[in-house]
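# Close look at the chain arrangement
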Amino acid sequence: MEIVYVYTKNREEFGRQCLLSDRPVELLVDIPPDQNAASNFIQRRQRDQAVQTLREQSEHQVNTERVEYISCGINHVEGGWPKDINPKDMEQTSRFRKMAEKDESYMNSILQLGSVTEHCCRQNNAVDIYQEYFEGWEEVEVSPELPSAKTINMFRDPNEIKRTVTGLSWHPDGGRKLAAAYSCLEFQKTSKDMSLNSYIWDVENPNRPELTLKPASPLVSLDYNPKDPHTLVGGSYNGQIVYWDTRRGSQPVEFSSVEQSHRDPILLCLQILWWDIRRLSEPTERLVLDPGREGNLDRALGAISLEFEATMPTKFMVGTEQGLVVSCNRKAKTPAEKIVCTYDGHHGPVYALQRNPFFPKNFLTVGDWTARIWSEDIKESSIMCTKYQMSYLTDACWSPVRPSVFFTVKMDGMLDVWDILFNQSDPTLSVKVCDRALYSLRVQDNGHLVACGSQQGETTLLEICAGLSTLQKNEKSLLAAMFERETKREKILEARQREIRLKERSRSEQSREEEIGRDDGEDDPDQLIARAESDFCSLVEGGLHRRERREEDVLRVSHSYSPTS
């Protein structure tokens, strides 16, 4: 709290007004130096001070302003006709052609161009452009290039307050556009001045987004419809489902009601809801992720990632906050039958979950500090696993063109490219994308471009070398053999572990029965008396036998030492 004092005084209380005037210099007092007073002063040390008489200058570096490009289209139609002739009228156009053909300048132009055209035609006929000059030569094997990736573009959040890129989605028709969802997932870090918009970018124009999406709540996830490139579906921070048609502008076409929507952000919901964009007033079906298969919402697991493969329409998988992967059947009749099985292998939330596009029975998960590859047939453990990384893994996805390659991003801003046929313990390529944490990752359908979203609102576009984005010879068969071999190995280990557990269980049950029988026998007094009598008799008989044996030994020794006559 700032306190301000105000003092007031009338002009008449200041006294007579001062009047100043010019006059010659007059010496009023001349005080000569006193040597006796010098002892009372301390002499100040000398100090050198440099003085620059020239004006100070400074050097600064500035970047020139970016040139903004705007794409414009032109439709070409038939032209060149005079104004008084309608090109669609066949009679007028034929009459004009006959008149133009009789013109001398037209005839001269045709004669001049005819010789040039004839020369080009003869030249094309003389040279066979499809001739193979080195048909009989043996192919020389070229050494493969080293794995590499280069940054070709960067899309920054145009707002002053930067937000995290929480979702990315490529345009289904060739990947010319990239949709990015922006939101702040940090607890109580959202401010009133923070923008709610998300954007669609043209990959060749990083200066300005092509379209701005304006939801009522920040988008956490955003995906294109793979069948319709004009429609997008987004998941909001408040749990609503939002549906856009880019032909209708920036405003959403329809969105779900808050009462019927998810309870948390779409990335962290407790329920699985099925929606139909033709009717977003309420979900068509619900599923509570209760591992007990009782539909109890209090024991439900928090879903954080979702996998749905179009070739397997009845199955889908859910990654949870507790590190479990839940396999579900969409066509089951009861909630208990919809949860088929669970896979447990991560210590924290499963941030990424995706099936291999070439081998759908195998899927990739990312959680804590590792990436794991699973088989649907093995429930106990993953068939392959990376080493524990020094930084937390946040997202991952398979390459759409190479079945053995997948990508991961980490909290330290690194992008790792893994080729499990080449090396299972270390990434084939590691790229430092930025200094901030990376939270989202998407690969273009042709496998050449990779988009990474950072915590600071930057979406970096990288181009992957041809060696990591081109299908290799026999790659599918080699990877299929590797997955089958690892699956068999895990099945053998799983059967061995099951056998050990059964033996331990039977042994524990047997020991428990013995303890129970011993406890029951001790409670019966007649059995205790009979056991005590038998123990006493056995002890007495044993003592008598030992006594008789000792006496026999003494007699035998005395006979051996008797005197002779």
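Rules of the game
Residues numbered from 1 in each chain as written. Predicted model: local features only at pLDDT ≥ 70, side-chain atom pairs only at ≥ 80, totals over all residues. Heavy atoms only, no water. Helix = DSSP H or I, 4+ residues; strand = E, 2+ residues; numbered from the N terminus. Buried < 20%, exposed > 50% of the residue type's maximum accessible area, 1.4 Å probe, protein only. Polar contact = N/O pair within 3.5 Å; in protein donor to acceptor, adjacent residues only side chain to side chain. Contact = heavy atoms within 4.5 Å. Salt bridge = Lys/Arg side-chain N within 4 Å of Asp/Glu carboxyl O. Pairing = 2+ DSSP bridges. Patch = residues over 30% accessible without salt bridge, like charges linked within 9 Å, V, L, I, M, F, W, Y side chains within 5 Å. Areas by Shrake-Rupley, 256 points an atom, 1.4 Å probe, with all protein chains shown as cover. Phe/Tyr/Trp six-rings, centres within 6.5 Å; stacked < 30°, edge-to-face > 60°. Disulfide = S-S within 2.5 Å. Core = buried A, V, L, I, M, F, W, Y, C linked by side-chain atoms within 4.5 Å.

### Considerations on the side chain of Lys410
Here Lys410 lies in strand 21 (residues 405–410). We classify Lys410 as buried; its relative accessible area is 8%. A distance of 3.3 Å separates a polar atom in the side chain of Lys410 from a polar atom in the side chain of Asp416. Excluding residues within four positions of it along the chain, Lys410 makes contact with Gln389, Ser391, Tyr392, Leu393, Thr394, Asp416, Ala437 and Leu438.

### Brief notes about the pattern of salt bridges
Applying the stated rule across the entire model yields 20 salt bridges. Residue Glu118 pairs with Arg122 through a salt bridge whose shortest N-O separation is 2.7 Å. Here Glu118 pairs with Arg122, and both are found in helix 2 (residues 104–126), just four residues apart, close to one helical turn. Relative accessible area serves as the criterion here: at 41%, Glu118 is assigned to the partly exposed category. Residue classification places Arg122 among the exposed positions, given a relative accessible area of 57%. A salt bridge links Arg247 to Asp245, with the nearest nitrogen and oxygen atoms 3.1 Å apart.

### Section: the pairing of strand 7 (residues 231–236)
When you tally the buried positions in strand 7, you get five out of six residues, the bulk of the element. Pairing analysis gives five bridges linking strand 7 to strand 8 (residues 241–245), with the strands arranged antiparallel. Bridge pairing in strand 8 places Gly235 opposite Ile241. The antiparallel hairpin formed by strand 7 and strand 8 contains four residues in its connecting segment, where Gly239 sits at a positive phi of about 95°.

### Considering the sheet that holds strand 7
Sheet architecture is open: four strands sit in the order 6-7-8-9, paired in antiparallel fashion. At either end of the open sheet lies a strand with only one pairing partner, and these are strand 6 (219–224) and strand 9 (254–255). Sheet topology places strand 6 next to strand 7; five bridges connect them, and they run antiparallel. Considered in strand 7, the bridge of Tyr224 is made with Leu232.

### Let's talk about a nonpolar patch on the surface
A cluster of nonpolar residues, Leu28, Val29 and Ile31, forms a patch on the protein surface that exposes about 390 Å² of accessible area. By relative accessible area, which is 71% here, Leu28 ends up exposed.

### Notes on the packing of aromatic side chains
Aromatic ring pairs are defined here through the distance separating the ring centres and the angle between the ring planes. Scanning the entire structure with this criterion turns up 12 aromatic pairs. Arranged with centres 5.8 Å apart and planes meeting at 90°, the rings of Phe359 and Phe483 form a pair that is edge-to-face. Separated by 124 residues along the polypeptide, Phe359 in the loop between strand 16 (350–355) and strand 17 (362–367) and Phe483 in helix 5 (residues 475–523) bring together distant segments of the chain. Following the ring pairs from residue to residue traces out a cluster consisting of Phe155, Tyr182, Tyr199 and Trp201.

### Remarks on the state of the cysteines
Note on terminology: disulfide describes a covalent bond linking the sulfur atoms of two cysteines. What the rule picks out here adds up to zero disulfides. No disulfide involves Cys120; its nearest neighbouring cysteine sulfur is the one of Cys121, lying 6.9 Å away. Of the residues examined, Cys120 reaches a relative accessible area of 37% and is grouped as partly exposed.

### A short note on the nonpolar core
Judged by nonpolar contacts, the single largest core of 19 residues is most densely connected at Phe407, Leu415, Leu441, Val450 and Cys452. Counting residues per element, the ones that place at least two in this core are strand 21, strand 22 (414–419), strand 23 (429–432), strand 24 (438–443), strand 25 (449–454) and strand 26 (458–464). Look past the residues within four positions of Cys452 in its chain and what remains in contact with it is Leu168, Val409, Leu415, Leu438, Ser440, Leu441, Glu458, Thr459, Thr460 and Leu462. Of all hydrophobic cores here, the second largest spans 18 residues; its members include Ala352, Trp398, Phe406 and Phe483.

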